[in-house]
Each structure stands twice: as C-alpha cells, then as structure tokens.
Amino acid sequence: MKKNLKGAIIGTGIFGSFQAKAFSQIPYVELCGICDLNVEKAKKVAAEFHIQEVYSDFHEMLKTCDCDFVSIATPDHVHAEAAIAAANAGKHILVEKPFATTREDALAMKEAIEKNGIRAMCDLHNRSSQPFAIAKQTIEEGNVGKVYSMYIRLNDNKSVATDMLSWSRESSILWFLGSHSLDILCYLCGSRPKTVYALSRKGILEKMGVDTVDLYQTAIEFENGCIAQMENGWIIPNGNTALIDLKCNIMCEKGMFQINGSNSDMLQVTTEERMMTPNCIARPVVNGRVEGFAPNNIRAFTDGLYYDVPFNITVDEAVDSCLALLAIMESARTKQVVECVYE
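Description of the structure in this document. (Residues numbered from 1 in each chain as written. Predicted model: local features only at pLDDT ≥ 70, side-chain atom pairs only at ≥ 80, totals over all residues. Heavy atoms only, no water.)

The next point concerns the overall build of the protein. Helices and strands together make up the secondary structure of the protein, namely 11 helices and 17 strands. Its C-alpha atoms give the protein a radius of gyration of 20 Å, within 12% of the compact-globule value 20 Å for 343 residues. In terms of overall dimensions, the protein has C-alpha extents of about 55 × 50 × 40 Å along its principal axes. Looking at the protein residue by residue over its 343 residues, the buried ones come to 53%. (Helix = DSSP H or I, 4+ residues; strand = E, 2+ residues; numbered from the N terminus. Rg over C-alpha atoms; globule rule 2.2 N^0.38 Å. Buried < 20%, exposed > 50% of the residue type's maximum accessible area, 1.4 Å probe, protein only.)

Our focus in this paragraph is the nonpolar core. Looking at soluble globular proteins, one finds that nonpolar side chains tend to be buried together. Core analysis: the biggest nonpolar cluster contains 114 residues, and F23, I93, F99, M150, F222, M230 and I250 have the highest contact counts within it. If near-sequence neighbours (up to four positions away) are discounted, M230 is found in contact with I152, L174, G178, S181, L182, L185, Y216, Q217, T218, I220, L325 and I328. (Core = buried A, V, L, I, M, F, W, Y, C linked by side-chain atoms within 4.5 Å. Contact = heavy atoms within 4.5 Å.)

On to the pairing of strand 1 (residues 5-10). Judged by how many residues are buried, strand 1 sits mostly within the fold: five of six residues are covered. Bridging between strand 1 and strand 2 (residues 29-35) involves six bridges; their strand directions are parallel. Paired with G7 across the two strands is L31, which belongs to strand 2. Read from strand 1 through helix 1 (residues 14-24) to strand 2, the crossover connection turns out right-handed. Here strand 1 runs beside strand 4 (residues 69-72); their pairing, made up of four bridges, is parallel. For G7, the partnering residue across the bridge sits in strand 4 and is F69. (Pairing = 2+ DSSP bridges. Right-handed = clockwise from strand over helix to strand, strands pointing away.)

The next thing to look at is the sheet that holds strand 5 (residues 92-96). Ordered in space as 3-2-1-4-5-6, the six strands form an open sheet in which the pairing is parallel. Each edge of the open sheet is held by one strand with a lone partner, namely strand 3 (53-55) and strand 6 (120-123). Taking the axes of each pair of neighbouring strands and ignoring which way they run, one obtains an average angle of 20 degrees across the sheet. Sheet strands touched by helix 2 (residues 39-48): strand 2 and strand 3. Its angle to strand 3, the strand with the most contacts, is close to 160 degrees. Helix 4 (residues 79-88) contacts strand 1, strand 4 and strand 5 of the sheet and is inclined by roughly 170 degrees relative to strand 5. (Axes fitted to C-alpha atoms, helices over the stretch in contact; angles between N-to-C directions.)

Our focus in this paragraph is the sheet that holds strand 10 (residues 227-236). Strand order in this open sheet of seven strands is 12-11-7-10-9-8-17, and the pairing throughout is mixed. Two strands bound the open sheet, and with one partner strand each, they are strand 12 (256-260) and strand 17 (338-339). Two strands pair when backbone bridges link them, and strand 8 (residues 193-201) and strand 17 are joined in this way by two bridges, in the antiparallel orientation. In the sheet register, V196 faces strand 17, and the bridge partner there is V338. Contacts from helix 8 (residues 173-189) reach strand 7 (147-157), strand 8, strand 9 (215-222), strand 10 and strand 11 (244-252), with the element oriented near 155 degrees to strand 10.

Let us now look at the pairing of strand 8. With eight bridges joining them, strand 8 and strand 9 adopt antiparallel strand pairing. In the sheet register, V196 faces strand 9, and the bridge partner there is I220.

Locating S179 in the fold gives a position in helix 8. Beyond its immediate stretch of four places on either side in the chain, S179 contacts K97, P98, L124, L174, S321 and L325.

A word on empty space enclosed by the protein. If you walk through the whole model with that rule in mind, you get one cavity of 30 Å³ or more. Volume-wise, the largest cavity comes out at about 30 Å³. Lining the largest cavity, in full, are P98, F99, C122, L124, S179, A318, S321, C322 and L325. A per-element tally of the lining of the largest cavity places helix 11 (residues 315-334) first, with four residues. (1 Å grid on protein atoms, 1.4 Å probe; cavity = no way out; pocket = protein on both sides within 12 Å on 5 of 7 lines; lining within 4 Å. Points joined across faces, edges and corners; volume = space filled by probe spheres on them.)

This part covers the layout of surface pockets. Here the largest pocket is characterised by a volume of approximately 810 Å³. As for the largest pocket, its lining consists of 41 residues, and the residues nearest its centre are L243, I244, N279, A282 and R283. Every element with two or more residues in the lining of the largest pocket is listed here: helix 1, helix 6 (130-141), strand 7, helix 7 (158-164), helix 8, strand 11 and helix 10 (293-306). Here the residues of the lining of the largest pocket are counted per class, giving 23 nonpolar, 12 polar and six charged. In terms of lining residues, the second largest pocket is bounded by 28 residues, among which G11, D36, A73, T74 and P75 are the most central. Where the lining of the second largest pocket is concerned, the elements lending two or more residues are helix 1 and helix 4. (Nonpolar A, V, L, I, M, F, W, Y, C, P; charged D, E, K, R; others polar.)

The terminal C-alpha atoms of helix 10 lie 19 Å apart, and with 14 residues this matches the ideal 20 Å at 1.5 Å per residue to within 8%. The buried count for helix 10 comes to 10 of 14 residues, which makes it a mostly enclosed element. All of the buried residues along helix 10 are F293, A294, P295, N297, I298, F301, T302, G304, L305 and Y306. D308 occupies a position one or two residues after helix 10 and carries a positive phi of about 55 degrees. (Expected span 1.5 Å × (residues − 1).)

Have a look at this one:
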C-alpha cells in the first residue's frame, strides 16, 4: 500500500475552504496544516476538517509542517511568493488559477519548480468538466475533424466583484475567469495563442466602488490556425438566474459542439422573489459530500502525486496561458494586435 499524502493549505478564503473540504474527502490524503493571515479564520477551518497545525506565516509552516504538498489558495496576485517558497522547501504544489499575474512571477515560479525537482499543477478545473472533457475526447477520436473556430463567454454577476471578493480591484476578470476561458480554448484546439486583439470597457463597477475593468472581448489567432472569440466580464445583473454565465461553441471541420455550462438546464428553483438555476455539475453537495468537476480536478492533482501519473495540465501550459492573458491586457490598453511572447 502506498503511503498517504500529507497536505497543507495556504489561504482560507472561498477557494481555500472549498479545497479543505475536497481534500478531506480523499481517503489517502491527510491535511496536517493550514495557514492564513487571519488566524481565527484558519482555526475555524482547521476545527471543521480536523487539521492539527494552524499558522499565520506560511514561511513558518513550510519549516515545521511535515507535508508532502502545499495548495496555494491566496488571492490571484500573491501566488508567487508562497509558490516559490514551497518549491524551495521541496513541497509539491497545487496553485489556484491563475498561475501568476505577471511575467516575472510566472517565470520565477517555473524556474523554482524546475530547479527543485518538485511537481506542480494549476487548478484550471474546466479540464475536468464533463462537457468539455467529452468534447475533447470526441475531437481526439477524429470523427469531427480538427477544431476550426471557437466562441466562449464566461461572465459573473456583479456581486462577485462587489461582495464575494474583497480583492477584486487587485485582480482582473481576465485572471479570475479569463484564465479558465483561455485554458479550455487552448486545450480543445491543442494549440496556444499566436496573436490577440482585445477591447475592454470600464465604468460600471468603478461607480460601485470597485476600480477594475468591467469586461474584455478578445479575438484570438492560435499557432495552429484556429481562431476564437472570448468574452469575460463581471457586470451581469445580480438578478441573473445563475451566478455564472458560460456558453461555448466549438466549430470543427466536420462537426460542432454547443456547451451550456451555466446551469445545464438541469434544475430550476423558483421562490416568490426570483427564479434560480443552480449549477449541478461544478461542486454540488450530495449526501454531505462535495461532488462535481471542481473537486474532481483537485483529485486529479492528488492522484497524479499518489499514483505517479501526469497531471491534466503542465506547468508550461499554465505559464503560457498567463503570458497570453498579459498580451490580451496589453492589446486592450493599446488597441493594437499583440503577438504573444512565451520566453
């Protein structure tokens, strides 16, 4: 029998708390440490999931916690310091998306991972999403031909930027949702962006006290010739029936896929005030367990370590996605076509 994996989590926000639940459901994983600047919050998560060691400083945790891997669930813009420290401590790493938010951070993280010979994965969980996984499998079978063009929109309600994330002004909708969108486009067509042209608008959230770009619309030419349109915003009215607005169209040489990832039209809940369409495939709680493709992607990370098999995304792919997103931001600023640079 293989030795159980011991893990630790840095960050106890929305994603850190979710990860704690997901990891706690994996039989061969033992969570032994958790860290957050807000110690009381960390203690609360630790008590819920029977985590023995609580820290406010991840440097201290990396020195004293006997863990095999570290999951980094801090806000988007502060992944690099923790990831590099974990790599230097010889810990395997799961990094919440996006991998990083600057070229310097992304390349420094990659260098630390390679130098220390540890394994790392970015939690871009649409790679475990059932509709996208089936589309990818069908494409690889060859019956629909090569991917010719794609369209994806992935948007959030305003409440995500105004209420859910205290650090939304420090990030971007491209980091928060565009990272998912771009990654799945690259995954489906088997290529990375060559050139991008983007437009953006700002003003709605700014008037609500959140100084961040409202939305981006991007045209992408991939290295293999495929073309795509990508829309990301977080100004959908809060009255929208689903928190997430996700639609994807994949046009192939001899076939087509249409994906509704917002709610899959599986469930409608109507009250006196409104109708809601909860997402039944991302991370629903069933019989007290969190199910769906989001926890399955975390399981893909631990399975990769436990069974010594490849992760479903490489570090190079995660880094390239970050660099392409930076090119999109540059294009939106300059209103020019920008070539993606991956070195």
